[in-house]
Amino acid sequence: MSSTIRVAVAGASGYAGGEMLRLLAAHPLAEVGALTAHTSAGSLLGAHQPHLRSLADRVIEPTTPEVLAGHDVVVLALPHGASGEVAVQLPDETLVLDLGADHRLTDPRAWEKFYGSAHAGSWPYGLPELLLAGGARQRDKLAGVRRIAVPGCNVTAVTLGVQPGVAAGLVDPAGIVAVLANGYSGAGKSLKPHLLAAEGLGSAQPYAVGGTHRHIPEIIQNLTSAGAPEVRVSFTPTLVPMSRGILATVSAPLLGGTSAEQVREAWLSAYDGEPFVQVLPEGQWPSTAMTLGANTALVQVAVDEAAGRVVTVTAIDNLVKGTAGQAIQSMNLALGIDETAGLGTEGVAP
Ligand SMILES: NC(=O)C1=CN([C@@H]2O[C@H](COP(=O)(O)OP(=O)(O)OC[C@H]3O[C@@H](n4cnc5c(N)ncnc54)[C@H](OP(=O)(O)O)[C@@H]3O)[C@@H](O)[C@H]2O)C=CC1
Ligand SMILES: CC(=O)N[C@@H](CCC(=O)OP(=O)(O)O)C(=O)O
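Worth saying up front: this structure is predicted, and the values here are computed from it rather than measured.

Calculation criteria
- Residues numbered from 1 in each chain as written.
- Chains lettered and ligands numbered in written order.
- Predicted model: local features only at pLDDT ≥ 70, side-chain atom pairs only at ≥ 80, totals over all residues.
- Buried ≥ 20, exposed ≤ 12 C-beta atoms within 10 Å, placed from the backbone.
- Helix = DSSP H or I, 4+ residues; strand = E, 2+ residues; numbered from the N terminus.
- Pairing = 2+ DSSP bridges.
- Contact = placed C-beta atoms within 7 Å.
- Axes fitted to C-alpha atoms, helices over the stretch in contact; angles between N-to-C directions.
- Near = placed C-beta within 6 Å.
- Nonpolar A, V, L, I, M, F, W, Y, C, P; charged D, E, K, R; others polar.
- Core = buried A, V, L, I, M, F, W, Y, C linked by C-beta atoms within 7 Å.
- Right-handed = clockwise from strand over helix to strand, strands pointing away.
- Arc of directions from axis to C-beta.
- UniProt positions renumbered as here; feature names shortened; annotations may be inferred.

A.B. asks: I tried to follow the pairing of strand β13 (residues 309-316) on my own but got confused; where do I start?
C.D. replies: On a regular strand, one side chain projects to one face of the sheet and the next to the other, so that they alternate. Burial runs high along β13: 6 of the 8 residues are buried. Strand direction decides the pairing type here: strand β10 (residues 246-253) and β13, joined by 8 bridges, are antiparallel. Within β13, the position partnered with Ile246 by the bridge is Ile316. Two strands pair when backbone bridges link them, and strand β12 (residues 297-304) and β13 are joined in this way by 7 bridges, in the antiparallel orientation. Of the residues in β13, the one forming a bridge with Val301 is Thr312.

A.B. asks: Can you walk me through the sheet that holds strand β2 (residues 30-37) in this structure?
C.D. replies: Within a sheet, adjacent strands bond to each other through the backbone by hydrogen bonds, running parallel or antiparallel. Taking strand neighbours across the sheet as the criterion, the 6 strands line up as β3-β2-β1-β4-β5-β6 in an open arrangement whose pairing is parallel. This sheet does not close on itself; its edge strands, each paired only once, are β3 (61-62) and β6 (147-149). In this fold helix α9 (residues 320-335) packs onto β1 (5-10), β4 (73-76), β5 (95-98) and β6, with an angle of close to 155 degrees to the strand it touches most, β5.

A.B. asks: How should I be thinking about the site of ligand 1 in this particular structure?
C.D. replies: Around ligand 1, a shell composed of 30 residues is seen, among which Gly14, Ala37, Ser40, Gly100 and Gly188 lie nearest. Only α1 (15-25) and α9 provide two or more residues apiece to the shell around ligand 1. The dominant element in the shell around ligand 1, judged by the number of residues it contributes, is α1, at 3 residues. Its residues placed into classes, the shell around ligand 1 shows 11 nonpolar, 18 polar and 1 charged.

A.B. asks: I keep staring at the nonpolar core and nothing clicks. Help me out?
C.D. replies: Nonpolar side chains tend to gather and get buried jointly when the protein is soluble and globular. Counting 99 residues, the largest nonpolar core has Val9, Ala10, Met20, Val75, Leu76 and Leu97 as its most contacted members. A total of 8 residues in this core trace back to one element, the largest contributor, which is helix α5 (residues 153-167). Non-local contacts of Met20, meaning those with residues more than four positions away in its chain, are made with Val9, Val75, Ala77, Ala324 and Ala327.

A.B. asks: Can you walk me through the pairing of β4 in this structure?
C.D. replies: Burial along β4 is two-sided: the residues Val73 and Val75 and Val74 and Leu76 are all buried. By the bridge criterion, 4 bridges tie β4 to β5 in an arrangement that is parallel. Pairing of Val74 across the sheet is with Val96, part of β5. As a crossover connection, the stretch from β4 through helix α3 (residues 82-87) into β5 is right-handed.

A.B. asks: Sorry, what's going on with the site of ligand 2 here?
C.D. replies: With respect to spatial proximity, the complete set of residues near ligand 2 consists of Gly100, Ala101, Gly152, Cys153, Asn154, Asn182, Gly186, Ala187, Pro237 and Leu239. Listing elements by their share of the shell around ligand 2, those giving two or more residues are α5 and β9 (233-239). The residue makeup of the shell around ligand 2, split by class, is 5 nonpolar, 5 polar and no charged.

A.B. asks: Any chance you could explain helix α8 (residues 260-270) here in plain terms?
C.D. replies: The α-helix advances 3.6 residues per turn, and as a result positions three or four apart in sequence lie on the same side. Of all the residues in α8, the buried ones are Val263, Ala266, Trp267 and Ala270. All buried residues of α8 fall inside an arc of 90 degrees around its axis, so they share one side. Residues of α8 that are exposed and point over 90 degrees away from its buried face: Glu261 and Ser269.

A.B. asks: Just to check I follow, could you spell out the UniProt feature "active site" (unreviewed entry) in the chain for this structure?
C.D. replies: In the numbering adopted here, UniProt assigns the feature "active site" (unreviewed entry) to Cys153. For Cys153, a count of 29 C-beta atoms within 10 Å puts it in the buried group. Contact partners of Cys153, with chain neighbours within four places excluded, come to Gly186, Ile246, Asn318, Gly322 and Thr323.

A.B. asks: Where do I start with the sheet that holds strand β11 (residues 277-279) in this structure?
C.D. replies: With mixed pairing, the 7 strands of this open sheet are ordered in space as β8-β9-β7-β10-β13-β12-β11. The sheet terminates laterally at β8 (205-206) and β11, the two strands that pair on one side only. Bridge count for strand β7 (residues 176-182) against β9 is 7 bridges, and the pairing is parallel. Each residue of the ladder has a partner; that of Asn182, found in β9, is Leu239. Contacts from α5 reach β7, β9, β10, β11, β12 and β13, with the element oriented near 35 degrees to β10.

Shown next as C-alpha cells:
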C-alpha cells in the first residue's frame, strides 16, 4: 500500500456513508475513491449530501465488485443483508469495514433469532476499547486484519457505559437495565411513517420494547467477552426530537460490599489513557450536544445507595463514535497508523 489510503464508500448517499465521507475528507492519509449506492447511482453526490462540498460533483456509481476494486479500503454503509452479499465478492487483501450488522455476531442462532435471515459469518469486532477477559482490549486484535465488523451505535453506548463494572466484577451482569434517548438519523434515510416530522417533533416515542431490539445479543456478546458469566439486559430505546446523538442510561445491581469509591476507580482505570472514551469529573453529566461531530464517548457513573444500583450515563454521536468515527479508528489500527488520525474529540456547541 502506498502512503495514501484509497477508500471506496458503498452507501455514499446514506447517513452513515455521508458521515464516513465527511471524516475521510479530513483524514491526513485518506483519499476518497469510488462512491457507490443503489437507487441513486448515476446522480451527483451533492444531490444527496449537499453539506459535503468538496465531493459535490462526484458521480455515484452502482455497487459492484468491479467499481469497488483497486482500493485499499472498502466501506460498506449498506442495509443489513446487502453488505454480506457485497463483502463475499471483495478480494481478501482489501480492508473491508462493514458498518452494518451482518458480521458482528459470533453466534448464528442469535443472528437468526433477531435478524430472521441466514448468518453471513463473523469478523473481528471494531470496538477498540472493548475490555476482554484477562485485561486485554479489542484493539490488540485489530492490527493487520482485513475485515472489520463495526459495532452498532446503541451497543457502543451501552457497552462503554457499563463494561468497567462488569469486567471488575462490581455489578451483577444479570440485572442490567438500559434506557436510551436516540436521534432520528440512527434510523437511516428511508421513509417510515413514524419518522415523519409531524410524528416526531415535540414527541418522544419508544420502539423495539420488550426484549425485541436486535442490538441485545450484541450487547450480551460484548459483556460476556468482558468476563461476565451470565448477562441479561433489558433494553429500551426511545426516539427523541434530535437529529444525532445517543444518551444511554444503564444501571445494574451493585454487588455487596462495593463502595462508591471502588466503583469510580473501576471506571477511571478502565478508560485511563483512552483517547476517545472519557469519564467526566464527578458531578458533571454527559449530554449528546457535548459529543456532536466528535469521536468521543463521554461517561459518568454514580451509585444509587437506596436502590443498590450503579447508574451510568454515556453520550455519543451515533454517526461518529457510533459508526463512521469508530470505523476510521479501527481502520487506523488495522493499517498500523496512529489510531487517532483524522478523528477529533471536540464537539460542536451550542
Ligand atoms: N444511521 C446510523 O446512525 C447508523 C447506521 N449504521 C448502519 O449503517 C448502514 C447504513 O445505514 P444508514 O446510512 O443509516 O442508512 P441509509 O438508509 O441512510 O442509507 C442506506 C444506503 O445504502 C444504499 N443501499 C440500499 N440498498 C442497497 C443495495 N441493495 N445495494 C447497494 N446499496 C444499497 C442506499 O443507496 P440509495 O440511496 O442509492 O438507494 C444508501 O446509500 C446500516 O447497516 C446501518 O444499520 C450503523 C450504526 C449507526
Ligand atoms: C433511531 C434508530 O432507529 N436507531 C437504530 C440504530 C441502529 C443502527 O444504526 O445500528 P445498526 O448498524 O445495527 O443498524 C435502531 O435503534 O435500530
